[in-house]
Amino acid sequence: MEASRNREREAKEYLEKHKIMELLNLLTSALLFCRPGKPREYLIATLERLRIAQVTGVAFSFFMDNTNIVAMFEMLDSSNRGTISFVQYKEALKTLGLCTADEVLKDDGHAITLEKFRNEVCIYPVSLQASARKF
């Protein structure tokens, strides 16, 4: 019985030390807010973005709502073609802290539409920013 309590206490201490419950709450909240079509891929990408933010010291973007995304896209699409170049797309992601300068993104040769841009810049609720800073 005592061994069981010790394991439970050790598990609790481990979870607290590494802030695992906070991380899981953050991921769950973001997942339910964004409701991506491919949730596992989304979670993996979010964890990778958090790792990059931690390593580089670049803030993880949480304030992009649809209005901000459209406004940024429209600034990049100065000719109003409805698309931006891959170079513009990558620079925007770097500016938002969603990728690093040395990160390799696959250019499929197609122009980037607002829909693709919006899908890459996921919308996060403001309340998640404080949680993300802990990681």
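Residues numbered from 1 in each chain as written. Predicted model: local features only at pLDDT ≥ 70, side-chain atom pairs only at ≥ 80, totals over all residues. Heavy atoms only, no water.

- Looking up the protein in an unreviewed UniProt entry gives the name EF-hand calcium-binding domain-containing protein 10 isoform X1, with the organism given as Trichechus manatus latirostris.

## A short note on a nonpolar patch on the surface
Moving on, step 1. A cluster of nonpolar side chains, namely Tyr14, Leu15, Met21 and Leu24, defines an oily patch on the protein surface of about 380 Å² accessible area.
Moving on, step 2. Looking at the nonpolar patch, the elements that each hand over two or more residues are helix 1 (2–17) and helix 2 (20–34).
Moving on, step 3. Its location among the elements puts Tyr14 in helix 1. (Patch = residues over 30% accessible without salt bridge, like charges linked within 9 Å, V, L, I, M, F, W, Y side chains within 5 Å. Areas by Shrake-Rupley, 256 points an atom, 1.4 Å probe, with all protein chains shown as cover. Salt bridge = Lys/Arg side-chain N within 4 Å of Asp/Glu carboxyl O. Helix = DSSP H or I, 4+ residues; strand = E, 2+ residues; numbered from the N terminus.)

## Quick notes on the packing of helix 2 against helix 3 (residues 39–56)
Moving on, step 1. Between helix 2 and helix 3, the shortest axis-to-axis distance is 11 Å and the interhelical angle comes to 130°. By the angle class used here, helix 2 and helix 3 are oblique. Taken as a pair, helix 2 and helix 3 cross one another with a handedness that is right-handed. Residues Leu23, Leu26, Leu27, Ala30, Leu31 and Cys34 of helix 2 form the contact with helix 3, whose own contacting residues are Pro39, Tyr42, Leu43, Thr46, Leu47 and Leu50.
Moving on, step 2. Of the residues that constitute the contact of helix 2 with helix 3, the class distribution is 11 nonpolar, one polar and no charged. (Axes fitted to C-alpha atoms, helices over the stretch in contact; angles between N-to-C directions. Parallel < 35°, antiparallel > 145°, perpendicular 65-115°, else oblique. Left-handed = near helix turned anticlockwise from the far one by under 90°. Contact = heavy atoms within 4.5 Å. Nonpolar A, V, L, I, M, F, W, Y, C, P; charged D, E, K, R; others polar.)

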